[in-house]
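Survey of secondary and tertiary structure
If you want the building blocks of each chain, they are given just below.
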Amino acid sequence: MRWLIGCLINAVLFMALAGYFKESFELTGFTAAIQASILLSILNVLVRPLLILFTLPVTVITMGLFLFVINAITLELTDYLMGDAFEINGFGMALLFAVIMSLVNIIIHKTILEPSRSSKK
């Protein structure tokens, strides 16, 4: 259930970013946003751990900030695999999206999801 909620949050976030950055980010619709979100979550499970392992020294030296670059790489892979339905123009924009997505996901999890879990106990 948590995975599905995370996918829906990312899909809504993709739609919001597509509306805000019209020239740099193209999305054909909410279905493409859901597909991209599911594909991104699969890439985060399969590819991201390998990238973290290979870049561990750089990640340690930058005190974890290189993880934003790894997130941008997975966004670029999602862009490549989705074709014309999901387009990010440039690595810099993917890096900006990675930072925004990380911050928004932290805020949503800390303010909405964690309090609702603790109230159920």
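For the structure given in this document, a descriptive report is provided here. (Residues numbered from 1 in each chain as written. Predicted model: local features only at pLDDT ≥ 70, side-chain atom pairs only at ≥ 80, totals over all residues. Heavy atoms only, no water.)

**A word on the environment of Ile 100**
Put simply, the rule reads: Strands here are runs of E lasting at least two residues and helices are runs of H or I lasting at least four, both read from the DSSP assignment and numbered beginning at the N terminus. Whether two residues touch is decided by their heavy atoms; if any such pair falls within 4.5 Å, the residues are in contact.
Examined against the element boundaries, Ile 100 turns out to sit in helix H6 (residues 91–120). Counting along the chain gives 32 residues from Ile 100 to Phe 68, while the straight-line C-alpha distance between them is 9.9 Å. The contacts of Ile 100, once residues within four sequence positions are left out, are Leu 17 and Phe 21.

**Observations concerning the packing of aromatic side chains**
Rule in force here: Two aromatic rings from Phe, Tyr or Trp, using only the six-membered ring of Trp, form a pair when their centres are within 6.5 Å; if the ring planes differ by under 30 degrees the pair is stacked, by over 60 it is edge-to-face, and anything between is tilted.
Applying the stated criterion across every chain yields a total of six aromatic pairs. The interplanar angle of 50° and the centroid separation of 6.2 Å between the aromatic rings of Phe 14 and Phe 25 together place this pair among those described as tilted. Of this pair, Phe 14 sits in helix H1 (residues 2–20) while Phe 25 sits in strand S1 (residues 25–27), and the two are eleven residues apart along the sequence. Look at Phe 14 and Phe 86: their rings are 5.1 Å apart centre to centre, the planes differ by 65°, and that puts the pair in the edge-to-face class. Of this pair, Phe 14 sits in helix H1 while Phe 86 sits in strand S2 (residues 86–88); the two residues are 72 residues apart in sequence, bridging distant segments of the chain.

**Quick notes on a nonpolar patch on the surface**
The cut-off we apply is this: To count toward a patch, a residue needs a relative accessible area over 30% and no salt bridge; like charges are then connected within 9 Å, while nonpolar side chains (Val, Leu, Ile, Met, Phe, Trp, Tyr) are connected within 5 Å. Note on areas: these come from Shrake-Rupley sampling with a 1.4 Å probe, and a residue is covered only by the protein chains present in the view. Only one rule defines a salt bridge in this text: a Lys or Arg side-chain nitrogen within 4 Å of an Asp or Glu carboxyl oxygen. Buried means the residue's accessible area, taken with a 1.4 Å probe over protein chains only, is under 20% of the maximum for its type, while exposed means over 50%, and partly exposed covers the values in between.
A contiguous nonpolar surface patch, about 1,200 Å² in accessible area, is contributed by Met 1, Trp 3, Leu 4, Ile 5, Leu 8, Val 12, Met 15, Phe 30, Ile 38, Ile 42, Val 45 and Leu 46. Elements supplying a minimum of two residues to the nonpolar patch: H1 and helix H2 (30–46). When residues in the nonpolar patch are grouped by element, the largest group, six residues, is from H1. With respect to the element layout, Met 15 can be found in helix H1. Look at Met 15 and you get partly exposed, because its relative accessible area is 34%.

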